[in-house]
Structures are given as C-alpha cells and as structure tokens.
Amino acid sequence: MSLAGSGLVLAVAVASLACLAVLALPARFRPAAAGAGAALAGAGGLVSGIAMLSGRTFTVALPGALPLSGLEFTAGRLSGYFVAVTGAVAIPAGVYAIGYARHAGTSRSACVFLPLFAVSMLLVPVSATAATLLLCWELMALTSLLLVLAEHRRRPEVAEAGRWYAVMTHLGFACILAGLMLTGGGSLAAGRHLSPALAGTVFVLALIGFGSKAGAVPLHAWLPRAHPEAPSHVSALMSAAMVNMGVYGIVRTGFGLLGGGARWWWLLVMLLGVVSSLYGILQAAVSSDLKRLLGYSTTENMGLVLTGVGAAGLFEDSGHRMLAGLALAAALLHVAGHAAFKTLLFLSAGSAAQRAGTRDLDALGGLRAGMPATTAAFGWGALAASALPPGTAFVSEWLLVQALIHGLRSGGTIGAVVLPAAVAAVALTAGLAVATFVKAFGTGFLARPRSDGAARATEAPASMLAGMGLAAAACALLALLPGIVLPALARAAGVAAGPAVTGLVTLRLSGAAGELSPLLLTLALLAVMMAAAGCLRALPGRRARRAARLWDCGSGPLTARMEYTATSFAEPLQRVFDDVLAPETDIDVTHLDEARYLVTAVQYRRMVPDRIEHRLYRPVLAAVRAWGTAGRRLAPGSVHRYLGYGFCAVTVLLIVLAVTR
Amino acid sequence: MLKLWRKIRAHGRVAEPPVPGRRGPLAAGLRGSVQIRHVDAGSCGGCEVEVGTAFGPVYDAERYGARMVASPRHADALLVTGVVTRNMAGPLRRTYDAVPAPRLVVAVGDCARDCGMLAGAYGVSGAVRDVLPVNAEIPGCPPRPEDIVAAIREMTGR
Amino acid sequence: MSRLGIAGGVIQVLVVTGGAPVLTGVMRQVRARLEGRAGPGLRQPWSDLRKLLRKEPVTPAGTGELFRVAPLVLLATTVVVAGVSPFVTTASAIGPAADLFAVVALLAMGTATLALAAIDTGTAFGGMGASREMTIMALVEPTLLMSVFALSVRAGSTNLSAIVTAVVRDPARVASPAGLLAAVALILVTIAETGRLPVDNPATHLELTMVHEAMILEYAGPDLAVVELASSMRLTVFLGLLVTLFVPWGIAVTAAPLALAAGTAAFAAKVTICGAALAAGEVFMAKLRLFRVPELLGGSFLLALLAVAASVFLGAA
C-alpha cells in the first residue's frame, strides 16, 4: 500500500489504540492518551494527505464491513487536500487537549471520543461510495455530539446546545442521504448522467445538508450554540476541520459528481455565501461572548469560501477555466488559512476562558499581565483573521477579490450585477472583521481586568501553549509564504489546465494581471519600524522615559468599571445595523415606595437575538409542534383503533400489490 | 455658504499688528512652539473670555507658535485661571504631573496670582503658587488680551 | 524593481516625510487666512515636531508593549505606502506590493493598531475613540474597494502602476462618468479615513466629539511626534493617491533627473492644491453628528457602485 494509504491506516490504528488506552488507564493518564492519540492520528492524516496531493493513490475495499454495500475508500487530490488540512488541525488540538482535559477534569467519554472524532473526519473525504460517506459522516456527527456534551453535568446550557446540534446535523444527514439516493448509484465517482431537474434537486439537497454542516445561513443555528459549550479543543476541531467537510461535500457534489451543472446552482451558492459572511460577521461584531463570537466568525469565513466556490462554478459554466481555477484556489486557500487561525483563536480563547473562569468579554480584560503567551497567541490569531497584512486571511481574500474583479466581464449580464455586489459584501465583511477582532483582542486581553477571575488568571500549562504555538506557526507560514501550498491547491482544484497562481515569494496570477508579495510587504514594514526605532534612540537631547499615572482628567483613580466594554465598543455598529440585528431592550425601573418620582434602581438589559432564528426557526418549530399535537389525535390509546390501523394497512398494501403486478 | 463667503471677502484680515512682547524665551527647549493646556481652577469666567479673545482673530496668539491642546500630555505649558479651590487642588497637581518635561505654569489674572478679591474665602485653598511652581504671572482682573499675548510671546520667543 | 522604481521610491519617502508637516502648515494657514487671522506660518508643524522630539516620553501606568509599538507601526505602514505607490514615477519601488488592495489594507492596519493601543490605555476616551474609528473604517471599506474596482476595470488590473500608466496613456477616460463618480467617492473616503470635517474635527477639544484625537490622548513627547507625523503623512498619502489615480500629469516615465524633478514638483504642487482646497472647504462645514456619518458613507458607497456599473455598461462601448 502506498504512503497515502498507510498514513490513514496508521491514523485509524493509533486512534483505536488511544481509545482502548483511555478506557483502560486510570483517570490521571486519560487526557494524555486521548490528546496524544488525536495528535498522532492527525500527523498520520497530514502525511497521507500530502502524499495524496503528490499523486499517490490507494484503494481500500471492505465488502463485509457494512451489509449490502460494504465500505470503500479511495484517494483523490481534492480529498487529499481536505485530509491534510484536517490532520494539520488535529495535531495542535490534540497536543492542547493533553493539558486542557487534565485541568478541566473532563469525563472518560470526552477523552475516548476525541481520537475517534479526528479519525472520522479524516475518513470522510476519502470515502468512495455513498454508504461509506454516510457512515463516516454519521460517525463524525455522533462523536462530535458526545464531545459537545462533555460538560453537561456542570452547565445546563450544554444540554440545549447538544439538542440543537443533534437535530440539525441529523436533518442535514437526511438531506444528504436523500440526495445521494436520488443519484441512483452507490459510487461517488464522476460522470453521472441525470436529467437537469433531478440533478438540480440532488444539488439543492446536497447544498442543504453540506451547507448546514458548513454553517451557512440560514442553517447555521447550531454553530453559535454548540461551539461555545464544547471544550476548546473540540470547538477548534469542529470549527476548523468539521465545517470544511461541508465545503468538501458541496465542491465534490457540484463539480465532481454532477459535473458542473446549471448556472443557477452556483448563483445560489454565491448568494448563500454572501449572506452567511455578512450575517455571520455582523453577529460576531455585536457578540460579547468570546467563543460565540468565534463561532459566528466561522460562519463568516465559510460564507467567503462559498462565495469563492460559487464564483468558480459561475466561471466554469461560462467557460473561463483559468478564472474558475483562481476562484477555487482562493476558496481552498481560505479553507486552509481559516483552519489555521481558527484553531489558534479557539485554543487561546479557551485557555483564557478556562483560567479566568468566564467567557464573557465584558468580564475579561487585563490578561496581558498574567497570561502573556496566550495574549500574544490570540493577538496573532486576531491579526490573521482580520484581512490585514501580514495576516493569513489577507492573502486569500486578495485572491478572492482578484477572481471576482477579473471575472466581471466573464459572467454575462448576471455576472455584471452579481460580482460587484459580491465584492461589496466581501469588503464590508473585511471591514467588520477588523472591528470585531480589534474588539475581541482589545477588550478581552488588553487594558485592565474587569472581574476578579480575570485578575487572578495565570498562564496555561506547557502543553496548551505548545498547541497554540503549532497553530501560530501554521498561520505564519500561510501568511508569509502561501506559495508553498499553492501547487497543492492547483492540483486539488483540478478545474483549470495549469495553476492559477504561481510563485513562492511573489504570488502571480496566470491569465490575468496581478501580483502580491506578503513576505516583501512584511519585511519592508519591519525594516522601517526598526529604522524608525533606531532614529528615535539616536536622537540628540532625548530624555529618559517616565512612568506616569493615567490621564483621568485629574479626579479619582479609574476603576475597571470605567473601561469600555465589548458591548459599548460594538454599540455604534449595532446602531448602524439596527434593522438587521433588531436588539431587544429591557428597562426595569424600581421606584421608591413613598414617591414615584424617586428611583432606587434601574436595570438595563439588551439582547441581540439571532434574527434569522426568530423569523425562520420559530414558525417551523411551531408548525411541527402543531402537527405533532394534531397527530396525537390518531393515537387515543384504544387498542381497537390500533388493530384497525394494522388491518387497513395490510389490506391497502395487498390491493396495491395486486393492482401493480 | 455664499453669505459666509461674502462675509470673509468683506472683512479680510482682522488680526491686528503684533503686540510688543517681552523678549527672551522662558524655556530654551520650547523655542518657537508652545502647546498650552488651560485649567480653570476656580475662576469666575472672566479670564477665560480674555484668553479666548487672545486666541481669537483680533489678537491671534497662534501666530507666535502657541496652540491650545486638549490633553496635558500634549502640552508644554499650563495656563491656570482662577483661585485654587479646595476641590481643584488635587486635580491641578495631577494635571501638572501629567505634563511631560520641560513644562511651564502661567498664572493668569489676580485670583491665580494672589487670590485677588477671594483671599480668605472658605472654599479657597490658595493661589496657584501655593500648589504649583509658577513660571510667569499675568496681572489684571481680568488681564488685557495684550498682556496675555505678551506672556505667550515670552514663552515662545517669537 | 527597476531603477525608475527605486529612484521614485526613495524620492517619495523623503518628499512625503518632509513635506507632510508642510502640507499641514499650508492647510492651517489657509484656514487661518480665511478666518481673518494671521496664522502661525508654514514652518510651524515642523517646529512642533522638533520640540516634541526633545520632550520627555511618558508611559502611562497599566499600558504594555502594544502602546509603545503602535506609533512605530502606524509610521511604518504610512512610509511603506508612500514608498511603493507610484506618486513621482509610474514604476514602483516594490512592484508586488503596489497593489491597491494591499495599500488600502496597510493603511487600515495602521489605524487598527492605533485603536488597539487606545483600548490598551484602559480609559473611557481611548475605548470611545477606538470604537468610533473602527465603525467608520468598517463602513468606509465597501466604498473604497468598489472605487478600486471601478478604476481597475479600465486598466485590467488592481496594480497601482498599471492603473496610473493606463490613465497617463489615455487621459480622456478620467472625464468619463465612471471616473468622475469614482473620484467623488474617493474624496469622501479620504475625508473619512483621515478624520477631516465633516466626519471628524481634528482641532476639537471636546472629547465626546473626538474620533482620532481620543485615541492619542495618552501619547507624549517622541511618541506623539511619531503619531502626528504619521497622521499628516497619511493625509498626504491619501491626497497623493487621489491626484495620482485621477490627475497623473507630470509624472515621470523615465529615470532622467529632469523627469524625476518634474514629477516631484508636479506631485508636490498637486497635493498642495488639493490640501488647500480641502482646508478651504472645511471653513464652510460643520462636523456631522456621529450617527449621521453612516448616511454620508452610504451615499458615497452608492456613488462607487454607480461608478462600477458605469464602467461596465458604459465602458463596454
């Protein structure tokens, strides 16, 4: 078996060993076993993915494993890319889990399922048949659900989050199942010949199922619930690796299985992408829960990826293969970049939340003194996530915008309307992302602590810092030298004849004019900074630096209550987007008993609900409840009625069989 | 907007010829450029009107290199008006501490110099020189804008 | 990295660094004369900077390394943009960095770092300034990128040198509807990004009306000098981008000393005229209420969108 196959087999073997070890070992060693198992499985997956991208293939068939269909795994370039990304995420998450689980005291179930979760995510992209894909998909969903529920004994919100996640992931599974069944065959190989209507239905079902997993609006409601409640390394795995499976599914179904397809498919994907990115970043901008903010940011980034995928499909449909390759390369690079910085952000945010005892940004702050390494890690992750140079997202968003701009004339009239709107949406998203991460980093980690927990926070243990360090290194690599992964991207995309972007230090677009060098930019910035610092130091007549009291207008000392909180930071943005966010305000005034003109206490509460959830989910849930209540009338408890149902059903079946024979 | 333009055209230059000033800068490091932070330690408002007139179009103290700033960290000189009341003694000292060296203090008006007509009042802590080291004093109740401009010219040396 | 590009880059950095305070002096002098005052003179901002460099630097209690480093980052981003943009010559010092998106993102990076330093102080004014600055920046981004889009449709690339060369070869395209709409949109963007009236009053003393000033209330001495220099360089760079993208006449296309001198003089003259016009306009305007600013920025976004539509539908002819 080639390197690709052996890497995956090693991953599966290591994960199984780790599970057995967790079950057998005493509680002290369980987190180490689980984390090491996940990390090593990830390493195996990374090696396998890189091997698949270089062209090694393998085929594994296990006909007896599942009744009727058996299991079959095969390699491919696109699969290899996603396996590599997943493996690369599992390594830092696993290393981090060693320290996190030991201090958080997680249960045995949480430790057992961690390596299984990693391995199931590695197996999803290499599935060759529908049955295999569905089995691995369900395994991924179940293990992640059990991991999300890890802390349910300590917090009641975890159970509700788990419920939402369970229902939505299984509804998605049902849609994927229906779609794959409609294709008529078991294999996921390309070349299905379906009528346009049937192909359209399959694509829409696949889009619903995979899009829900990717966190696309309006099927995103599970994301901001499940990610904050899960342990941080699980949130990192979910946000950085699992949502990619949704993107993989859409790309594979649309381009591979159904072979391109109608233009309206890709316009629908672009619409979903644009709405997801805007809505996601808007909700993140006004969120004051650190991990919920990061969860909504995942929705935003997946929205950008879907915009790229939709644009690629649009260009492919009109025959511009080079532009399609560029758009898809931008989307895939954003997948990898997002995996890197989201892992880093979740790991550092989790470490801060664990040490400070709260996830609320309005109660954090001042962590720079007690947790300098975590602060630096989150700062670097925040820079990487906002589309600013020298960040990771800057390069992929530049590529995406280049694809959209150069493709303006290639999309026809529809393209001339849709593409500028997409550029405007990407621009607004980028601007809001900068504001969001300045808020998250500034109010969460800088200035002074706003609560006792934040004041007492100490640095995380070495294994957690090591995990953060690995993710930070990956972010740096993708930010400064994205040219390293570009050949792999081109091979994975496979839509264009040659690579759409070339070059190591300078990225050059082929077929269109455009070049960018993030490394040279960063070096120029650093050179000027050092020159300026040197000039300042060499100034004649410079005086010594004095430490002084903060300028507080001369009155009493400033307390932490006087600092700007995350809610106040986001208030202008929330006012501007009032119509979209529709915040609910609650003012409760307690008057003095004797005089209604005097006030003893005023309580002000403002909540920004998820409006799409209110408008879309509430009516659906109400309808389902009404339907269920109506259905209860069918089951009054009378045995006679039930026997009658059975008799009627058999009679009708016999009649139908007789008529259709 | 057109009305404003016509007014600008009609009035032209309003600034009067320079007021003769006392030569010799107070602090060598500030030659040519002084940023001023005004502090009202307990004044009736009369000196503020005169300071405002000194920086207005007629006397235009800005042409000598002075400028009013909002934060004491940006300032070189504190222009203190009014007698120092009990509540303002601490804030005045903290404002002075916030100013980076080299720094100057100018006491504007009789109240700032020696409590003026409010000497011995119950809310008064003292004159400015009882709280801060004063580098220049401008007498008057209120002082004339020409005297304020002369003191500013002494600070900037222009 | 041709000789033309390197020569242009060095000249631009020197001219922008040295000339930015002079531009500030010109703008203040124009304002003073229109208000009937005598004014401090063109050399006053340089006197202010020289004095600030000799003052005592102050570190407020509770701030960290980010507060110390932020002025340097702001200065570095502005210097790099001044160096790589094609102001004096059509070639750029670092070609792969002269992309319009990269330049815009670099300038945004400087602002974001300053906002983080403002939050780091832990005062309410710092947080307020940072919050307002980030809101305005987020709302300006769509207009900025759409204007870039409109400009790049004609030139076929978002590379600054390519756009400038295209306009130099065909000056008539600036007078098209797309060019004029994009110009107006970019003027509004410049006003918003550099904090001039009516979006922000740079000379206000009321903290509740401050946006940019509120972020730098804690800086003193050499740190303040760096921040002030970087802010005036930012204004120069934005005005320079405006004049270079729309009125690049006089720009040097060869590396001959005479051409470079002419290019430098033309750049300086055009930026000075633009700055004086901006200052004159400010005399007639009052600051907008903060929550009216999004309406202004929304209007500029519509203009940029119309510019893109015009460049596609009208430019295809």
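In the block above lies the structure referred to throughout.
1. Remarks on the overall build of chain A
Next up, step 1: Of the regular secondary structure elements, chain A holds 25 helices and 8 strands.
Next up, step 2: Here chain A has a C-alpha radius of gyration of 27 Å; the compact-globule value for 661 residues is 26 Å, and the two agree.
Next up, step 3: Projected onto its principal axes, the C-alpha positions of chain A cover 100 × 75 × 60 Å.
Next up, step 4: Considering only contacts in chain A between residues 6 or more positions apart, those separated by 24 or more positions represent 78%.
Next up, step 5: Carbon and sulfur atoms form 67% of the exposed surface of chain A, whose accessible area is close to 25,600 Å².
Next up, step 6: Averaged over its 48 positive side-chain charges, chain A has a centre that lies 8 Å from the centre of its 28 negative ones.

2. Overview of the interface of chain A and chain C
Next up, step 1: The interface of chain A with chain C comprises 70 residues on the first partner and 77 residues on the second.
Next up, step 2: Note on chain A versus chain C: buried area summed over both sides is about 6,100 Å², and carbon and sulfur give 74% of it.
Next up, step 3: At the junction of chain A with chain C, the criterion picks out 3 salt bridges.
Next up, step 4: The partner of arginine 368 of chain A in a salt bridge is aspartate 120 of chain C, and the shortest N-O contact between them spans 2.8 Å.
Next up, step 5: Linking chain A to chain C there are 15 residue pairs in polar contact (both at pLDDT 80 or more).
Next up, step 6: At the level of elements, helix 15 (392-406), helix 16 (412-445), strand 5 (515-516), helix 20 (518-537), strand 6 (546-548), helix 21 (566-569) and helix 22 (571-576) of chain A are the ones that each hand at least two residues to the side of chain A that touches chain C.
Next up, step 7: Of the residues that constitute the side of chain A that touches chain C, the class distribution is 51 nonpolar, 9 polar and 10 charged.

3. Concerning the side chain of asparagine 301 of chain A
Next up, step 1: Here asparagine 301 of chain A lies in helix 11 (residues 290-317).
Next up, step 2: At 2.8 Å, the side chain of asparagine 301 of chain A and the side chain of histidine 334 of chain A are in polar contact.

4. Remarks on the interface of chain A and chain B
Next up, step 1: Contacts between the two partners involve 9 residues from chain A and, on the opposite side, 14 residues from chain B.
Next up, step 2: Carbon and sulfur atoms make up 50% of the area that chain A and chain B hide from each other, which totals about 800 Å².
Next up, step 3: The interface formed by chain A and chain B holds 0 salt bridges in total.
Next up, step 4: Applying the counting criterion to the chain A and chain B interface returns 5 residue pairs in polar contact (both at pLDDT 80 or more).
Next up, step 5: Its residues assigned to classes, the side of chain A that touches chain B comprises 3 nonpolar, 3 polar and 3 charged.

5. Some thoughts on the pattern of salt bridges
Next up, step 1: Applying the stated criterion across every chain, the model contains 32 salt bridges over all chains.
Next up, step 2: Lysine 55 of chain C is the salt-bridge partner of aspartate 76 of chain B, the closest N and O atoms lying 2.6 Å from each other. You can see aspartate 76 of chain B sitting in the loop between strand 2 (66-68) and strand 3 (77-81) and its partner lysine 55 of chain C sitting in the loop between helix 2 (44-53) and strand 1 (58-60), one on each of two chains. By the burial criterion, aspartate 76 of chain B is buried, and lysine 55 of chain C matches it.
Next up, step 3: Salt bridges sharing common partners tie together Asp60 and Glu62 of chain B together with Arg31, Glu35, Arg37, Arg196 and Glu282 of chain C.

6. Focus: the state of the cysteines
Residues and elements named next belong to chain B.
Next up, step 1: In the structure shown here, the tally under the stated rule is 0 disulfides over all chains.
Next up, step 2: The cysteine cysteine 47 is free of any disulfide, with cysteine 44 supplying the nearest cysteine sulfur at 6.2 Å.
Next up, step 3: What makes cysteine 47 buried here is its relative accessible area of 11%.

7. What about helix 7 (residues 177-194) of chain C?
Turn by turn, an α-helix covers 3.6 residues, leaving residues three or four places apart pointing in a common direction.
Residue and element names in this part refer to chain C.
Next up, step 1: For helix 7, with 18 residues, the first-to-last C-alpha span of 26 Å sits near the 26 Å given by 1.5 Å per residue.
Next up, step 2: Within helix 7, the full set of buried residues consists of Ala178, Gly179, Ala182, Ala183, Ala185, Leu186, Val189, Thr190, Ile191, Ala192, Glu193 and Thr194.
Next up, step 3: Taken together, the buried residues of helix 7 touch helix 5 (124-155), helix 8 (221-246), helix 9 (257-283) and helix 10 (293-314).
Next up, step 4: Looking one or two residues past helix 7, glycine 195 carries a phi angle of roughly 70 degrees, positive in sign.

8. Side note on empty space enclosed by the protein
Next up, step 1: Summed over all chains, the structure comprises 13 cavities of 30 Å³ or more.
Next up, step 2: Its volume calculated, the largest cavity comes out at about 190 Å³.
Next up, step 3: The wall of the largest cavity is formed by 16 residues, among which Ala387 and Ala430 of chain A together with Ala105, Glu141 and Leu145 of chain C lie closest to the centre.
Next up, step 4: Elements with a minimum of two residues in the lining of the largest cavity: helix 15 and helix 16 of chain A together with helix 4 (100-121) and helix 5 of chain C.
Next up, step 5: Of the residues belonging to the lining of the largest cavity, the class tally is 14 nonpolar, no polar and 2 charged.
Next up, step 6: Each pocket or cavity is described by its volume, and for the second largest cavity that value is around 140 Å³.
Next up, step 7: Taken together, 14 residues line the second largest cavity, and the ones lying closest to its centre are Leu151, Arg154, Val167, Arg173 and Gly179 of chain C.

9. A look at the sheet that holds strand 4 (residues 507-509) of chain A
Residue and element names in this part refer to chain A.
Next up, step 1: Read across the open sheet, the 3 strands follow the order 3-4-5; overall the sheet is antiparallel. Two strands lie at the open edges of the sheet, namely strand 3 (501-502) and strand 5, each paired on one side alone.
Next up, step 2: Sheet topology note: the strand 3/strand 4 ladder contains 2 bridges and is antiparallel. Note that in strand 4 the partner of threonine 502 across the bridge is arginine 508.

10. Some thoughts on the layout of surface pockets
Next up, step 1: For the largest pocket, the calculated volume is near 1,300 Å³.
Next up, step 2: Along the walls of the largest pocket sit 50 residues, with Arg67 of chain B together with Arg28, Pro202, Ala203 and Glu213 of chain C positioned nearest its centre.
Next up, step 3: Those elements that place two or more of their residues in the lining of the largest pocket are strand 2 of chain B together with helix 1 (3-34), helix 2, helix 4, helix 7, helix 8 and helix 9 of chain C.
Next up, step 4: Looking at side-chain class alone, the lining of the largest pocket contains 22 nonpolar, 13 polar and 15 charged residues.
Next up, step 5: In this structure, the second largest pocket occupies an estimated 990 Å³ of space.

11. Quick look at a positive patch on the surface
Next up, step 1: A contiguous patch of positive charge on the surface is contributed by Arg31 of chain B together with Arg43, Arg50 and Arg54 of chain C.
Next up, step 2: Along the chain, arginine 54 of chain C turns up in the loop between helix 2 and strand 1.

12. Side note on the environment of glycine 250 of chain C
Residues and elements named next belong to chain C.
Next up, step 1: Secondary-structure assignment places glycine 250 in the loop between helix 8 and helix 9.
Next up, step 2: In this structure, the C-alpha to C-alpha distance between glycine 250 and isoleucine 191, residues 59 residues apart in sequence, is 25 Å.
Next up, step 3: Look past the residues within four positions of glycine 250 in its chain and what remains in contact with it is Ala262, Gly263 and Ala266.

13. Quick look at the packing of aromatic side chains
Think of a pair of aromatic rings as described by two things: how far the centres are apart, and how the planes are tilted against each other in angle.
Next up, step 1: Applying the stated criterion across every chain, the model contains 17 aromatic pairs over all chains.
Next up, step 2: Here the aromatic rings of tryptophan 137 of chain A and phenylalanine 210 of chain A are separated by 5.1 Å at their centres, their planes lie at 85 degrees, and the arrangement is edge-to-face. Of this pair, tryptophan 137 of chain A sits in helix 5 (residues 130-148) while phenylalanine 210 of chain A sits in helix 7 (residues 196-214), and the two are 73 residues apart along the sequence. With respect to burial, tryptophan 137 of chain A and phenylalanine 210 of chain A carry one shared label: buried.
Next up, step 3: Ring centres 4.4 Å apart and planes at 10 degrees place the aromatic pair phenylalanine 67 of chain C and tyrosine 219 of chain C in the stacked group. Within this pair, whereas phenylalanine 67 of chain C is found in helix 3 (residues 65-84), its partner tyrosine 219 of chain C is found in the loop between helix 7 and helix 8, the two being separated by 152 residues in sequence.
Next up, step 4: Aromatic ring contacts, followed pair by pair, group Phe203, Phe255, Trp264, Trp265 and Trp266 of chain A into a single cluster.
Next up, step 5: Here lysine 213 of chain A stacks its cationic end above the ring of tryptophan 222 of chain A, 5.9 Å away from the centre of that ring.
Next up, step 6: Just above the ring of phenylalanine 291 of chain C sits the side chain of arginine 575 of chain A; from NZ or CZ to the centre is 4.1 Å.

14. Points about unusual backbone geometry
All names here are of chain A.
Next up, step 1: The omega angle of the peptide bond from proline 389 to proline 390 is -5 degrees, so this bond is cis rather than trans.
Next up, step 2: Secondary-structure assignment places proline 390 in the loop between helix 14 (372-385) and helix 15.
Next up, step 3: One non-glycine residue with positive phi stands out, namely cysteine 553, at about 65 degrees.
Next up, step 4: For alanine 582, which is not glycine, the phi dihedral falls at a positive 50 degrees.

Reading the values: the criteria
- Residues numbered from 1 in each chain as written.
- Chains lettered and ligands numbered in written order.
- Predicted model: local features only at pLDDT ≥ 70, side-chain atom pairs only at ≥ 80, totals over all residues.
- Heavy atoms only, no water.
- Helix = DSSP H or I, 4+ residues; strand = E, 2+ residues; numbered from the N terminus.
- Rg over C-alpha atoms; globule rule 2.2 N^0.38 Å.
- Contact = heavy atoms within 4.5 Å.
- Areas by Shrake-Rupley, 256 points an atom, 1.4 Å probe, with all protein chains shown as cover.
- Lys, Arg positive; Asp, Glu negative; His and termini not counted.
- Charge placed at Lys NZ, Arg CZ, Asp CG, Glu CD.
- Buried area = accessible area lost by both parts, 1.4 Å probe.
- Salt bridge = Lys/Arg side-chain N within 4 Å of Asp/Glu carboxyl O.
- Polar contact = N/O pair within 3.5 Å; in protein donor to acceptor, adjacent residues only side chain to side chain.
- Nonpolar A, V, L, I, M, F, W, Y, C, P; charged D, E, K, R; others polar.
- Buried < 20%, exposed > 50% of the residue type's maximum accessible area, 1.4 Å probe, protein only.
- Disulfide = S-S within 2.5 Å.
- Expected span 1.5 Å × (residues − 1).
- 1 Å grid on protein atoms, 1.4 Å probe; cavity = no way out; pocket = protein on both sides within 12 Å on 5 of 7 lines; lining within 4 Å.
- Points joined across faces, edges and corners; volume = space filled by probe spheres on them.
- Pairing = 2+ DSSP bridges.
- Patch = residues over 30% accessible without salt bridge, like charges linked within 9 Å, V, L, I, M, F, W, Y side chains within 5 Å.
- Phe/Tyr/Trp six-rings, centres within 6.5 Å; stacked < 30°, edge-to-face > 60°.
- Lys NZ or Arg CZ within 6 Å of the ring centre and 35° of its normal.

From the geometry alone we can't say anything about function, so treat these as descriptive.
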